[in-house]
Amino acid sequence: MTELAEHVAAIGRPLKRKEDARLLTGKTQWTDNIQLAGALHMAILRSPMGHAKITKLDVSGALKYPGVEAAYGAAELGDLNASVPCVWPVTDDMVAPDFPALAKGEVRHMGDCVALVLAGTAAQAADALEGIVVEYSALPAVINMDDAIKEGSPLVHSDKGTNKCYTYKLQPQGDGAYEAAKAKADVVVKRRFVNQRLIPSAMEPRAVVASPMGTSGELTIWSATQVPHVLRVLLALVTGVSENKLRVVAPDVGGGFGGKLQCYREEILCVALANKLGRPIKWTETRSEDMMATHHGRDQLQDIEIAATKDGKLLGLKVDLIANMGAYLQIITPGIPLLGMFMYPAIYKMDAYDFSCIGVFTNTTPTDAYRGAGRPESTYAIERIMDELANELGMEPMELRKKNWIKHEEFPYTTVAGLTYDSGNYEAATDKAMALFKYDELRKEQVKRRASGDKVQLGIGISTFTEMCGLAPSRTLGALKYVAGGWEHCTIRVLPTGKVELVTGTSPHGQGHETAWSQIASDTLGIPVDDIEVIHGDTRTSPYGMDTYGSRSLAVGGQAILRAGEKVVEKARLIAAHQLECSANDLEFDHGVFRVKGDPSKEKAIQAVAFEAFSAHDLPDGLEPTLQAESTVDPQDFSYPHGTHLCAMEVDTETGKSTIRSYVCVDDIGIQINPLIVEGQVHGGLAQGIAQALYEGAVYDSDGQLLTASFADYLVPSAPDLPSFVTDHTVTPSTTNPLGTKGVGEAGAIASTPAVINAIVDALRPYGVNDVPMPALPMTVWRTLNAARQGGK
Amino acid sequence: MIPSKFDYVRPKSVDEAVAALKAGGEDSKVIAGGQSMLPLLRLRLAAPSVLVDCARIDEMKGIKDNGDSVTIGAASTHWDVMNSDIVKTHVKLLADATATVADPQIRHRGTFGGALAHGDPAGDLPAVVLALDATLEIAGSKGRRQVAAKDFFLDYFTTAVGPDEILVSITIPKLGKGWGTCYEKFNRSANGWAVVGVAAAVKVDGGKITEARIALTNCAAIPVRASSVESALKGVAVSASEIEKASQSAADGTRATSDLAADKEYREHLMRVITARAVSCAAGV
Ligand SMILES: Cc1cc2nc3c(=O)[nH]c(=O)nc-3n(C[C@H](O)[C@H](O)[C@H](O)COP(=O)(O)OP(=O)(O)OC[C@H]3O[C@@H](n4cnc5c(N)ncnc54)[C@H](O)[C@@H]3O)c2cc1C
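Residues numbered from 1 in each chain as written. Chains lettered and ligands numbered in written order. Predicted model: local features only at pLDDT ≥ 70, side-chain atom pairs only at ≥ 80, totals over all residues. Heavy atoms only, no water.

A. Examining the overall build of chain A more closely. Scanning chain A from N- to C-terminus turns up 20 helices and 28 strands. A globule of 793 residues ought to have a C-alpha radius of gyration of about 28 Å, and chain A, at 28 Å, matches this closely. Its C-alpha atoms give chain A principal-axis dimensions of about 90 × 70 × 50 Å. For chain A, buried positions account for 64% of its 793 residues. Sequence-distant contacts in chain A: of pairs separated by 6 or more residues, those separated by 24 or more amount to 80%. Only carbon and sulfur atoms are counted for the fraction: they give 52% of the accessible area of chain A, which is about 27400 Å². (Helix = DSSP H or I, 4+ residues; strand = E, 2+ residues; numbered from the N terminus. Rg over C-alpha atoms; globule rule 2.2 N^0.38 Å. Buried < 20%, exposed > 50% of the residue type's maximum accessible area, 1.4 Å probe, protein only. Contact = heavy atoms within 4.5 Å. Areas by Shrake-Rupley, 256 points an atom, 1.4 Å probe, with all protein chains shown as cover.)

In structure tokens:
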């Protein structure tokens, strides 16, 4: 055997990501790179209308175009026109309209699928769309949520008789508890915040290849998806193809942010048509399609009221949401606001909480998970209203927070929303952040600029956030009526040569799992990181998994890796003890080597044990050959990362332009497996959270035309738009999982938005500004400032 | 999106290119850097039958110092222009404005001539050639002609370049002693198009502004000179408050549009603010 590399402790090291070379150079199989002989390319004709009856649809013209093999409208597709599934019926009486892959007689949002063409090349398919004749008769559209729930509003689904999808209530202290708390209050602040609609905009657009010619008769689907496992179950259910004849592969995937956590119409169509025609079907969306037909995120109206005593003690919180579902329900559309429901009370102690949410249909693209999914919305509202309350009370906003947050010695702490936070240290993170930020100096400069009437005002924004992530204990999900569980799986195989295959059910699409998972397994097995290969994203090679979203992969999947690794070591110990002729208890295991206690000359490396397990010449009686183990872990609880984010903002009062001067965040995500990856996740999250505050917002006109349908109008910021972030951390390990980790995938996106807006409002407070709508683009800020100067609100 | 089918030719000379355009008929189109053309093709907003690629015609490349003026080949990329010593020394306004165009990838492909011939009201460079009184040379089947910048831009995406014509080069007179210039661009994101842009060239003598040339980007269908500000600035002391006062008429004669970035009222407000800033910067305030 070759010389074995030595194991060096891997957890906690900022290793560069193993996967980056191939991802950055593009030397990998993105779904669109997959070329199969005989494939037909699908192009989709989409509704240009927000709401209309299809009065005529004739696809036959497309058949005359070169290379075209077939064309379908709903009529031609017949029974193959399956419906997009929703797996989270949040209430028993939820209104769940049918969502057929191809529209049946009526289109309900711009981008709704009307017809499709299959041709020999993608170009031929695109050309042939021009041969389809379709006539629409416009129906009144409803875009605005307040309008949608009014009597007499146009209906998105006329057969349902209402635009209301559901009403959900949570009153943990009982009906009337909030009112009672409010009655004792000296100060009550009430606001409506608009958490605008966002478009996830992953770098790689969606793409699907469905081939009936798998290696052994199965139907293989390559998809740019975050959720190959979930997708397989759902595709089996909706298309009727037997689950054990379906193989879903998520090759390297270029970002998702929730937008690829879905079972999309186009995926359903590709599978149904490949199955029917016996030929591979391929589809890759254009950026324009991505912007109108990949699900959107956020879009909630938040009426929030907070009650406190005059010395700043919080008494109660009431939140009434109206949440935009869009035109249809997709995988977990209705549940998104409920993921935020528990988090409005955030890190604060109070006596009563009252929550309600009305889900509403409008003639817009369906909404669903987008980085943070519900929690950015709740964090935004609570952190914004804390600043407004501080202003009302005449208190320094950080002092108000300190007065009300859970103290580090009070953990575990059960919040007014009913969650038990296992650990945290808000004091430590805040102290560190304030020192890095030079909080006091900035406050002094602010006073000066205010006094001199500087055209450029300085504002300081705070966000002391926490979030719940690591989805999720299966029973909790069941109690919330979500149909699946929240466990995760790992199999570890130590091969005869001492190399390791680690099979995970998580499905990375940019997160660096191959590196981080190797680090966990490396320390558990005592085998070098480079000797560990992580296998993921293919239901044939990693049959069990719940995939990647909601900052769950490490928090949940990490536990499965640890447990599977421990099982491998337990088995290896039995073999080593047998061969070293001692009892298993007499062995110590250190950096991959079993040694007999008291006689360290007698030793056996785990790699050697793996070979013994393979040859099986000399195993203990009754022990099965091979060195492998698997583990499926259902998490004990969610994890609750937290942090303090501080933003210093310069606002040009002449033009309304806001420029971030400095941004400091100190996040506590528990034990860090790979600090470099953590930093990357925080940076990306900050960029997206800041984007919501300053740049991004999907805008529809009253007919349902998406006005921000390209990157020229939908402003995704790039590096020069963002400051140089100062990131740091504190470490308060999670106590509900053995690795002590929490999630970090969404932290930056959740925490930063309110910090940025609070900073703008703080800068403009002397002019009478109390709120600034998002995105706080220059014209919006200028208008807000003008209105305030003229004595408006 | 995938463009409709088109033919593609890459002529070696201006004459060949003109012939190819003529042969291609109405549906033929010049392509240079493709940075504006390709999006139109991909969105199927344009479907030319022939694309005549002028990006590699030698005669249309290169930057020349003529003594009292500078001539820039229309096919010079933004990158070539902003890094040219000749341009940086003698037409600094153009170098500065070009550095604000889009991002490095686009600047490496997009061309000066393409940016002018495209006639995009939000493009930064039309205002620069207008402020500097440049002359543009156009070649067609009937020969060559010279067009003054003020006569070049006709309407939204419409210029003096006819269907079978090609913009060959741009000649910009040098500013003499005492001139300072500045391109002030107001955009919503760092790589974004101008909401309003102001190209200013100001001559200062004895602490006073003696002459000013100011052109505005994205304030009408074509770039416009802020002539009332130009006259108001004459004789004004070089001070921020005086310049601000003189800039109050910046929106006169403009036809501001309303879009997601700015409605008319805000855009007109920006014209005043950004003009004052551009002039102050050019005058060294
Ligand atoms: C994302 C993005 C951001 C951008 N941001 C900015 C910005 O901030 N500011 C800015 O000013 N520009 C911006 N641009 C446009 C950029 O400057 C383009 O390069 C320029 O507008 C066109 O130059 P081109 O060489 O690419 O022309 P092409 O795209 O090749 O052609 C554009 C048009 O001009 C015609 N044309 C080109 N060359 C000639 C010629 N020599 N004679 C006759 N007709 C010709 C073509 O027929 C076509 O109609 C941006 C472009 C993109 C894609």
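B. Local environment of the state of the cysteines. Residue and element names in this part refer to chain B. The tally for this structure, following the rule as stated, stands at 1 disulfide over all chains. Sulfur-sulfur distance for the disulfide between Cys182 and Cys281 comes to 2.4 Å. Disulfide Cys182-Cys281: the torsion about the S-S bond is 95 degrees, which places it as right-handed. In this pair, Cys182 is assigned in strand S11 (residues 179–186) and Cys281 in helix H12 (residues 264–283), connecting sequence segments 99 residues apart. (Disulfide = S-S within 2.5 Å.)

C. Here's a closer look at the pattern of salt bridges. Residues and elements named next belong to chain A. Throughout the structure, instances matching the rule amount to 74 salt bridges over all chains. Across the pair Glu69 and Arg279 runs a salt bridge whose closest N-O atoms are separated by 3.1 Å. Of the two residues, Glu69 sits in strand S3 (residues 68–73) while Arg279 sits in the loop between helix H7 (265–277) and strand S12 (281–284), which places them 210 residues apart along the sequence. Between Glu488 and Arg552 there is a salt bridge, with its nearest N and O atoms 2.7 Å apart. Of the two residues, Glu488 is situated in strand S19 (residues 488–494) and Arg552 in the loop between strand S21 (532–535) and helix H16 (553–580); the sequence distance between them amounts to 64 residues. The same class applies to Glu488 as to Arg552, namely buried. Each of Arg46, Arg206, Glu266, Glu285 and Glu289 takes part in salt bridges that share partners, so that together they form one network. (Salt bridge = Lys/Arg side-chain N within 4 Å of Asp/Glu carboxyl O.)

D. How the structure looks around the interface of chain B and chain A. Facing 24 residues of chain B, the contacting portion of chain A comprises 27 residues. A combined buried area of about 2100 Å² lies between chain B and chain A, and 56% of that area is made up of carbon and sulfur atoms. Counting the surface chain B buries against chain A, the share from its top three residues, B:Arg188, B:Leu260 and B:Tyr266, is 30%. If you look at where chain B meets chain A, you find 7 salt bridges. One salt bridge connects B:Glu244 with A:Lys455, and the closest N-O pair in it is separated by 3.2 Å. Where chain B meets chain A, there are 13 residue pairs in polar contact (both at pLDDT 80 or more). Sorting elements by how many residues they give to the side of chain B that touches chain A places H12(B) first, with 7 residues. For the side of chain B that touches chain A, the per-class residue count stands at 12 nonpolar, 5 polar and 7 charged. (Buried area = accessible area lost by both parts, 1.4 Å probe. Polar contact = N/O pair within 3.5 Å; in protein donor to acceptor, adjacent residues only side chain to side chain. Nonpolar A, V, L, I, M, F, W, Y, C, P; charged D, E, K, R; others polar.)

E. Quick look at the sheet that holds strand S14 (residues 224–225) of chain B. Residue and element names in this part refer to chain B. Spatially, the 4 strands line up as an open sheet ordered S11-S12-S13-S14, and their pairing is antiparallel. Two strands bound the open sheet, and with one partner strand each, they are S11 and S14. Direction of pairing for strand S12 (residues 196–205) relative to strand S13 (residues 208–217): antiparallel, over a ladder of 9 bridges. Looking at the pairing, Val202 lines up with Ala212 of S13. Against the sheet, H12 contacts S11, S12 and S13, and its axis sits at roughly 35 degrees relative to S12. (Pairing = 2+ DSSP bridges. Axes fitted to C-alpha atoms, helices over the stretch in contact; angles between N-to-C directions.)

F. Region of interest: the domain arrangement of chain A. Residues and elements named next belong to chain A. For chain A, the assigned domains read domain 1 (20–27 + 487–633), domain 2 (34–139 + 203–255 + 260–293) and domain 3 (374–467 + 639–791). For domain 2 versus domain 3, the separation of C-alpha centres amounts to 39 Å. On the domain 3 side, the residues contacting the 9 residues of domain 2 number 9 residues. When the two sides are added together, the surface that domain 2 and domain 3 hide from each other amounts to roughly 640 Å², 63% of it contributed by carbon and sulfur. Of all residues in domain 2, Met110, Arg287 and Met291 give up the largest surface area on contact with domain 3, accounting jointly for 70% of the area buried on that side. For the interface between domain 2 and domain 3, the tally reads 0 salt bridges. Here domain 2 is connected to domain 3 by 1 residue pair in polar contact (both at pLDDT 80 or more). Considering only residue class, the side of domain 2 that touches domain 3 consists of 5 nonpolar, 3 polar and 1 charged. (Domains from an automatic or database assignment.)

G. Expanded view of the packing of aromatic side chains. Residue and element names in this part refer to chain A. Tallied over the full model, the rule gives 14 aromatic pairs over all chains. A ring pair is formed by Phe411 and Tyr426, whose centres lie 5.6 Å apart and whose planes are at 75 degrees; its orientation type is edge-to-face. Of this pair, Phe411 sits in the loop between helix H11 (397–404) and strand S16 (413–414) while Tyr426 sits in helix H12 (residues 426–437), and the two are 15 residues apart along the sequence. Tyr426 shares its class with Phe411; the two are buried. Ring centres of Tyr663 and Phe725 lie 6.1 Å apart, and the angle between their planes is 80 degrees; this geometry places the pair in the edge-to-face category. Here the residue Tyr663 occupies a position in strand S27 (residues 658–668), and Phe725 occupies one in the loop between helix H18 (675–694) and strand S28 (726–730), the gap between them amounting to 62 residues. This pair shows no difference in class: Tyr663 is buried, exactly as Phe725 is. An aromatic cluster is present here, built from Tyr344, Tyr353 and Phe355 joined pairwise through their rings. In this arrangement the basic side chain of Arg206 is found over the ring face of Tyr264, its NZ or CZ atom lying 4.0 Å from the centre. (Phe/Tyr/Trp six-rings, centres within 6.5 Å; stacked < 30°, edge-to-face > 60°. Lys NZ or Arg CZ within 6 Å of the ring centre and 35° of its normal.)

H. Structural view of the site of the ligand. All names here are of chain B. The environment of the ligand is made up of 28 residues, and the closest members are Val30, Gly34, Met37, Thr111 and Asp124. At a separation of 3.0 Å, an oxygen atom of the ligand approaches a polar side-chain atom of His78. A distance of 2.9 Å separates an oxygen atom of the ligand from a polar atom in the side chain of Lys185. Protein chains bury 90% of the 960 Å² of accessible surface belonging to the ligand in isolation. Elements supplying a minimum of two residues to the shell around the ligand: strand S2 (28–31), helix H7 (112–118) and strand S10 (166–173). Looking at which element gives the most residues to the shell around the ligand, the answer is H7, with 4 residues. Looking at the shell around the ligand, its residues break down into 14 nonpolar, 11 polar and 3 charged. (Near = heavy atom within 4 Å.)

I. Just the domain arrangement of chain B, in detail. The domain architecture assigned to chain B consists of domain 1 (7–53), domain 2 (63–173) and domain 3 (179–282). Placing a centre on the C-alpha atoms of domain 1 of chain B and another on those of domain 3 of chain B gives a separation of 35 Å.

J. Structural detail: helix H15 (residues 513–525) of chain A. Residues and elements named next belong to chain A. Under the 1.5 Å per step criterion, the end-to-end length of H15 is 17 Å for 13 residues, consistent within 8% with the ideal 18 Å. For H15, the buried fraction is high: 12 of the 13 residues fall into the buried class. Burial in H15 covers these residues: His513, Glu514, Thr515, Ala516, Trp517, Ser518, Gln519, Ile520, Ala521, Ser522, Thr524 and Leu525. Two residues or fewer past H15, Gly526 is found with a positive phi of approximately 70 degrees. (Expected span 1.5 Å × (residues − 1).)

K. Structural view of the side chain of A:Ser356. Along the polypeptide, A:Ser356 turns up in strand S15 (residues 352–361). Among the polar contacts listed, one links the side chain of A:Ser356 to the side chain of A:Asp320, at a separation of 2.6 Å.

L. Summary view of the sheet that holds strand S5 (residues 69–73) of chain B. All names here are of chain B. Pairing is antiparallel across the open sheet formed by 5 strands, whose spatial order is S4-S5-S10-S6-S7. With one partner strand each, in any of the chains shown, strand S4 (63–65) and strand S7 (143–148) form the two edges of the open sheet. Taking each pair of neighbouring strands and ignoring which way they run, the sheet shows an average axis angle of 20 degrees. In the sheet, strand S6 (residues 135–140) pairs with S7 via 6 bridges, with the strands oriented antiparallel. Among the inter-strand pairings, Gly140 is bridged to a residue of S7, identified as Gly143.

M. Focus on unusual backbone geometry. Residues and elements named next belong to chain A. With an omega dihedral of -10 degrees, the bond running from Phe411 to Pro412 counts as a cis peptide bond. Of note, Pro412 is situated in the loop between H11 and S16. Here the residue pair Leu471 and Ala472 is connected by a cis peptide bond, since its omega of -15 degrees sits within 30 degrees of zero. In this fold, Ala472 is placed in the loop between strand S18 (456–466) and helix H14 (474–479). Here the phi dihedral of Asp299 falls at roughly 70 degrees; this positive angle occurs in a residue that is not glycine.

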